[in-house]
Amino acid sequence: MIRVQDLQKAYGNVQALRGVSFDIAQGEIVGLLGPNGAGKTTIIKTITGFLQPDAGVVEVDGIDVMQDPRGVQARIGYLPENAPLYPELTVQATLQLAADLREIPEDAQLEKISRAVYAVGLEKHLTRPIGTLSKGFRQRVGLAQAILHQPPLLILDEPTVGLDPRQIVEIRGLIKSLAGQSTVLFSTHILPEVEALCDRVIILMNGEIRANARLDELAATGNAVVVLGERPAGAESLLRGLPGVEKVEAFENGDAHPAYRVLGNNGADLTPAIYQLAAANGWRLRELRRDTRSLESIFNEIAMAA
Ligand SMILES: Nc1ncnc2c1ncn2[C@@H]1O[C@H](COP(=O)(O)OP(=O)(O)OP(=O)(O)O)[C@@H](O)[C@H]1O
């Protein structure tokens, strides 16, 4: 659905993007995560055809954005950061204006507006001027504008920035429901946002991609945790003898059963070999799993390495 290849962009002597490449498949929901100034908005503006890169290729649905920006924009619903809205216009007038700008034929406008309004829960607020709406409801208007033409791809720049905790939960819920109909790429600097919404995360720092993986892959380590029913003689040294094992640490897991953290030396999954070892030696396994890391610790590790 999106192909970004070796994108580069400088503003004067600020190198905002330093060769960014990634692909997003149809139906995915992907978070572009990075601190302020990492280059998230620059990537989004390039994909949506509002900014010309210095080098690189962006394709949406096989269409090159530099060659046919209007063709790409017809396939994208875009919610910019702090979407500009006219405070004196009502919700209905705002959406009618958006439908005109999208060149939606007049006889189709009512049906499209009504569909978008119900999708974002604005049906009771059609006659209210934008200026009287809370920030959360203004964001719903922005989302309704973005989905008016039923685009196959939604691109949202920091969709929950400036919202209070309740509004954040509501907007995240809406994004999740819209993801059923569209591929979604959104940017954020908030880790729990990624955990709440994404299949996959692209971590960007200083104009470079530092990670691009499914959340479960990123969280998995090459270490395993094993808890046994009783303490068989020699368990620790047998675990240590498995190929790919660096070290075995016994730890207290709170229920008096022997627990070990088995540290690998090459990132490979150790659990199948541990399972076989347990079966061969008649150990009673209470628990066997890959050890995981939180997104926060991954992010901090990447930031420290930067
Ligand atoms: N129009 C501009 N002129 C000069 N520098 C710019 C311009 N727009 C962005 N930059 C710089 O380019 C870098 C990337 O900015 P960008 O807005 O893409 O980052 P971001 O990750 O979206 O950050 P934020 O979350 O703060 O919006 C930053 O160093 C920023 O200061």
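Since this is a predicted model, take the numbers as computed values, not measurements.

## Describing the environment of glutamine 26
Its place among the elements puts glutamine 26 in the loop between β2 (14–24) and β3 (29–33). Residues glutamine 26 and methionine 205, 179 residues apart in the sequence, show an inter-C-alpha distance of 25 Å. Residues within four places of glutamine 26 in sequence aside, it is in contact with Met1 and Thr183.

## Considering the sheet that holds strand β10 (residues 208–214)
Paired through their backbone hydrogen bonds, the strands of a sheet run either parallel or antiparallel. Spatially, β6-β7-β8-β3-β9-β10 is the arrangement adopted by the six strands of the open sheet, whose pairing is mixed. Whereas interior strands pair on both sides, the edge strands pair on one side only; in this sheet they are β6 (76–79) and β10. Going across the sheet, the axis of each strand differs from the next one's by a mean of 15 degrees, ignoring polarity. Relative to strand β8 (residues 183–188), β3 is paired through five bridges, and the arrangement is parallel. Looking across to β8, one finds that glycine 31 is bridged to phenylalanine 186. Here helix α1 (residues 40–47) sits on the sheet and contacts β3, β7 (153–157), β8 and β9 (200–205); the angle it forms with β7, its principal contact strand, is near 150 degrees.

## Points about the sheet that holds β2
Sheet architecture is open: four strands sit in the order β2-β1-β4-β5, paired in antiparallel fashion. In this open sheet, the two edge strands, each paired with only one partner strand, are β2 and β5 (63–64). In this structure, strand β1 (residues 2–11) lies alongside strand β4 (residues 55–60), joined through five bridges in antiparallel fashion. Residue pairing in the sheet places arginine 3 in a bridge with glutamate 59 of β4.

## Overview of the environment of valine 161
Along the chain, valine 161 falls in the loop between β7 and α6 (165–178). As a C-alpha pair, valine 161 and asparagine 82 span 79 residues in sequence and 8.2 Å in three-dimensional space.

## Regarding the packing of helix α5 (residues 135–147) against α6
At a closest axis distance of 10 Å, the pairing of α5 and α6 adopts a crossing angle of 15 degrees. In terms of their interaxial angle, α5 and α6 are classed as roughly parallel. The hand of the α5/α6 crossing is right-handed. The segment α5 lies against α6, with Lys135, Gly136, Gln139, Leu143 and Ile147 engaging Gln167, Glu170, Ile171, Leu174 and Leu178. Classifying every residue of the contact of α5 with α6 gives five nonpolar, three polar and two charged.

## A look at the UniProt feature "domain: ABC transporter" (unreviewed entry) in the protein chain
UniProt tags residues 2–231 as "domain: ABC transporter" (unreviewed entry). In this annotation, residues 2–231 is assigned 34% helix and 31% strand; the end-to-end C-alpha distance for the span is 53 Å.

## Focus: the pairing of strand β13 (residues 259–264)
Across the two faces of β13 the burial differs, with Tyr260, Val262 and Gly264 buried and Ala259, Arg261 and Leu263 not buried at all. The sheet contact formed by strand β11 (residues 220–228) and β13 spans four bridges and is antiparallel. In the sheet register, alanine 224 faces β13, and the bridge partner there is valine 262.

## Here we look at the nonpolar core
Counting 58 residues, the largest nonpolar core has Ile47, Ala144 and Ile155 as its most contacted members. Here this core takes five residues from α5, the largest share from any one element. In contact with alanine 144, other than residues within four places in its own chain, are Leu95, Ala116, Val117, Val120 and Leu122. If you look at the next biggest cluster of nonpolar residues, it comprises 11 residues, including Ala235, Leu239, Val245 and Val262.

What counts as what
- Residues numbered from 1 in each chain as written.
- Predicted model: local features only at pLDDT ≥ 70, side-chain atom pairs only at ≥ 80, totals over all residues.
- Helix = DSSP H or I, 4+ residues; strand = E, 2+ residues; numbered from the N terminus.
- Contact = placed C-beta atoms within 7 Å.
- Pairing = 2+ DSSP bridges.
- Axes fitted to C-alpha atoms, helices over the stretch in contact; angles between N-to-C directions.
- Parallel < 35°, antiparallel > 145°, perpendicular 65-115°, else oblique.
- Left-handed = near helix turned anticlockwise from the far one by under 90°.
- Nonpolar A, V, L, I, M, F, W, Y, C, P; charged D, E, K, R; others polar.
- UniProt positions renumbered as here; feature names shortened; annotations may be inferred.
- Buried ≥ 20, exposed ≤ 12 C-beta atoms within 10 Å, placed from the backbone.
- Core = buried A, V, L, I, M, F, W, Y, C linked by C-beta atoms within 7 Å.

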